[in-house]
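# Analysis of the macromolecular model
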Amino acid sequence: QVQLVESGGGLVQAGGSLRLSCAASGRTVSSAAMGWFRQAPGKEREFVAAISWSGGSKSYADSVKGRFTISRDNAKNTVHLQMNSLKPEDTAVYYCAGRAGRTIATIGVSYDYWGQGTQVTVSS
């Protein structure tokens with residue numbers, strides 16, 4: 001069983017930056033593809049970014065491309081999401097997710113385990 005815990009969320013002004021972290025415990029995720037999703041109030045959960053088990057492949061939603069960067073440290077069993085040039089529309093609860101497969105996936109049902117989420121609020 002894998003437990004994922006997100007951290008790093010908070011309140012930031014538009015144009016600012018935040019770095020989210022996802023720590024895995026219970027079992028290594030070094031062979032698992034990982035992803036970040038977000039859900040804003042009244043909206044469906046949406047894909048943000050994903051990274052393959054080795055970090056060699058990455059995928060981003062068009063809305064965050066060029067502003068967000070996903071990375072991982074398999075030695076520390078962690079995944080990060082660096083978010084720059086934040087916009088009010090980035091406000092959401094951000095979830096870390098992992099899947100048993102090694103390749104990236106952009107839909108939520110492809111993921112096997114999820115964190116509880118961390119709130120990101122961007123003020124205008």
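Notes on the structure follow.

Conventions and cut-offs
- Residues numbered from 1 in each chain as written.
- Predicted model: local features only at pLDDT ≥ 70, side-chain atom pairs only at ≥ 80, totals over all residues.
- Heavy atoms only, no water.
- Salt bridge = Lys/Arg side-chain N within 4 Å of Asp/Glu carboxyl O.
- Helix = DSSP H or I, 4+ residues; strand = E, 2+ residues; numbered from the N terminus.
- Buried < 20%, exposed > 50% of the residue type's maximum accessible area, 1.4 Å probe, protein only.
- Polar contact = N/O pair within 3.5 Å; in protein donor to acceptor, adjacent residues only side chain to side chain.
- Contact = heavy atoms within 4.5 Å.

## Examining the pattern of salt bridges
In a structure, side chains of opposite charge can pair up when their charged atoms sit close to one another. Counting across every chain of the model gives 4 salt bridges. Among the salt bridges present, the one from Asp 90 reaches Arg 38, with a minimum N-O distance of 2.9 Å. In this pair, Asp 90 sits in the loop between strand 8 (78-83) and strand 9 (92-99) while Arg 38 sits in strand 4 (residues 33-39), placing the two residues 52 residues apart along the sequence. Arg 38 carries the same exposure label as Asp 90, and that label is buried.

## Examining the side chain of Arg 38
Taking relative accessible area as the criterion, Arg 38 reaches 5% and is therefore assigned buried. Here the side chain of Arg 38 touches Asp 90 through a polar contact of 2.9 Å, side chain to side chain. There is a polar contact of 2.9 Å between the side chain of Arg 38 and the side chain of Tyr 94. With near-sequence residues (within four places) excluded, Arg 38 lies in contact with Glu 44, Arg 45, Glu 46, Val 48, Ser 63, Val 64, Phe 68, Glu 89, Asp 90, Ala 92, Val 93 and Tyr 94.

## Comments concerning the environment of Gly 42
Along the chain, Gly 42 falls in the loop between strand 4 and strand 5 (46-51). The spacing of Gly 42 and Gly 98 is 56 residues in sequence and 24 Å in space, taken between C-alpha atoms.

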